[in-house]
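# Descriptive structure summary
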Amino acid sequence: MPLWSRSADSVAARVHRATSGAVRVLESTDTPALLRLLERDPAHHVSVLASVRSRGTAAPGRGRIAAMLLGIDDPEHPGELASACWVGSNITPVHAGPAEGELFGLALRALRRRVSSVYGDAEAVLELHDAAGWVNVREVRADQPLLSIDVPSAIEPMPEVRPSRLEEFDAVEQASAAMFTEELGFSPYTQGVSEYQQRVRSLISGGYSLIAVGQDGEIIFKAEFGAVSREVVQVQGVWVHPEHRGRGLAASGMSAVVDYGLKLAPVVSLYVNGYNTAALRTYQRVGFRREGTFATILF
């Protein structure tokens with residue numbers, strides 16, 4: 001039986017018992033406090049911030065929303081949250097250190113939640129993972145620099161970069177799937193063909209999918225804005241066609257992406273694997289600066 005079909009009281013009771021009352025399931029009335037918490041550091045939490053603004057905060061069993069949010073109250077400021085955790089197919093702790101990460105992990109262990117990934121600030125993610133006791137881990141990426149930029153790059157932007165169009169869906173899907181498979185080592189379709197196609201289609205429809213097309217009509221560069229808020233946009237899915245690598249396209253392409261992103265918000269951010277030294281050098285050339293360290297657990 002899926003978690004969200006159980007009663008909210010059952011889920012709340014499991015969380016309460018597992019954490020001795022330190023963690024609770026957030027309700028819709030917690031949305032203002034949750035937004036205040038997220039808005040304290042939008043660069044670190046833009047994906048959750050964008051989701052909460054679009055759908056609010058709901059406990060399991062309230063409507064058709066599978067995701068839920070856990071929270072830890074601030075003992076020094078009644079009515080405020082000290083920390084939170086987005087719990088969906090992906091899990092993201094918010095304003096959490098090692099201690100909070102451990103508590104959220106204990107709650108998730110009790111819920112026996114199936115997840116695809118855990119990502120966010122490294123210390124919280126790694127403690128959450130240890131406490132949750134998952135055994136089906138595909139990969140742990142413990143060092144992912146979080147980078148940001150708030151001014152146009154000094155590098156000349158690639159003039160060919162533009163928003164993709166719905167009639168280009170097939171080509172964009174193919175490039176996106178190639179990037180996903182190369183980056184994660186498995187196909188995005190393993191978690192559902194229609195779900196992945198809908199994700200790509202929604203990025204195109206929203207104007208958040210950027211591409212550059214070569215003379216032969218093939219996509220040679222792409223990137224997306226995976227999370228968008230009025231404070232920050234987060235870049236994901238940066239990819240250069242293998243036949244066009246080594247020509248400096250990534251830097252000029254990213255310069256163009258930054259220009260587009262700064263039209264949506266005052267800050268553009270992304271996170272990258274620490275071992276990807278070529279990508280790090282490119283982003284540094286473009287003008288990104290380090291803001292912190294993320295970690296990702298893949299299942």
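As the structure is a computational prediction, the values presented were derived from the model and not from experiment.

### Things to note about the packing of aromatic side chains
Applying the stated criterion to the full structure yields seven aromatic pairs. Centroid distance F180 to Y196: 6.1 Å. Interplanar angle 70 degrees. Geometry classified as edge-to-face. Pair noted here: F180 is in helix 6 (residues 169–184) and Y196 is in helix 7 (residues 193–206), with a separation of 16 residues, a long-range link. A relative accessible area of 13% places Y196 in the buried class. Relative to F288, the ring of Y283 has its centre 5.8 Å away and its plane inclined at 65 degrees; by these criteria the two rings are edge-to-face. Exposure class is identical for Y283 and F288. Each is buried. Across the ring face of F186, the terminal group of R138 is positioned such that the distance to the ring centre comes to 3.9 Å.

### Details of the packing of helix 8 (residues 249–261) against helix 9 (residues 277–286)
Helix 9 packs onto helix 8 with a crossing angle of 50 degrees between their chain directions and a minimal axis gap of 9 Å. Between helix 8 and helix 9, the angle falls in the class oblique. Read as a crossing pair, helix 8 and helix 9 show a hand that is right-handed. Seen from helix 8, the contacting residues are A250, A251, M254, S255 and V258; seen from helix 9, they are T282, Y283, R285 and V286. Class assignment for the residues of the contact of helix 8 with helix 9 results in six nonpolar, two polar and one charged.

### Notes on helix 5 (residues 122–132)
Listed as buried for helix 5 are A122, A124, V125, L128, H129, A131 and A132. Looking at the packing, one finds that the buried side of helix 5 touches strand 3 (81–87), strand 4 (90–94), helix 4 (98–111), strand 5 (117–121), strand 6 (139–149) and strand 12 (289–298).

### So, the pairing of strand 2 (residues 68–73)
Judged by how many residues are buried, strand 2 sits mostly within the fold: five of six residues are covered. Of the pairings in the sheet, the one linking strand 1 (residues 24–25) to strand 2 comprises two bridges and is antiparallel in character. If you follow V25 over to strand 2, its bridge partner there is L70. Looking at chain direction, strand 2 and strand 3 are connected through six bridges and run antiparallel. By the bridge assignment, M68 is partnered in strand 3 with V87.

Procedures and definitions
Residues numbered from 1 in each chain as written. Predicted model: local features only at pLDDT ≥ 70, side-chain atom pairs only at ≥ 80, totals over all residues. Heavy atoms only, no water. Phe/Tyr/Trp six-rings, centres within 6.5 Å; stacked < 30°, edge-to-face > 60°. Helix = DSSP H or I, 4+ residues; strand = E, 2+ residues; numbered from the N terminus. Buried < 20%, exposed > 50% of the residue type's maximum accessible area, 1.4 Å probe, protein only. Lys NZ or Arg CZ within 6 Å of the ring centre and 35° of its normal. Axes fitted to C-alpha atoms, helices over the stretch in contact; angles between N-to-C directions. Parallel < 35°, antiparallel > 145°, perpendicular 65-115°, else oblique. Left-handed = near helix turned anticlockwise from the far one by under 90°. Contact = heavy atoms within 4.5 Å. Nonpolar A, V, L, I, M, F, W, Y, C, P; charged D, E, K, R; others polar. Pairing = 2+ DSSP bridges.

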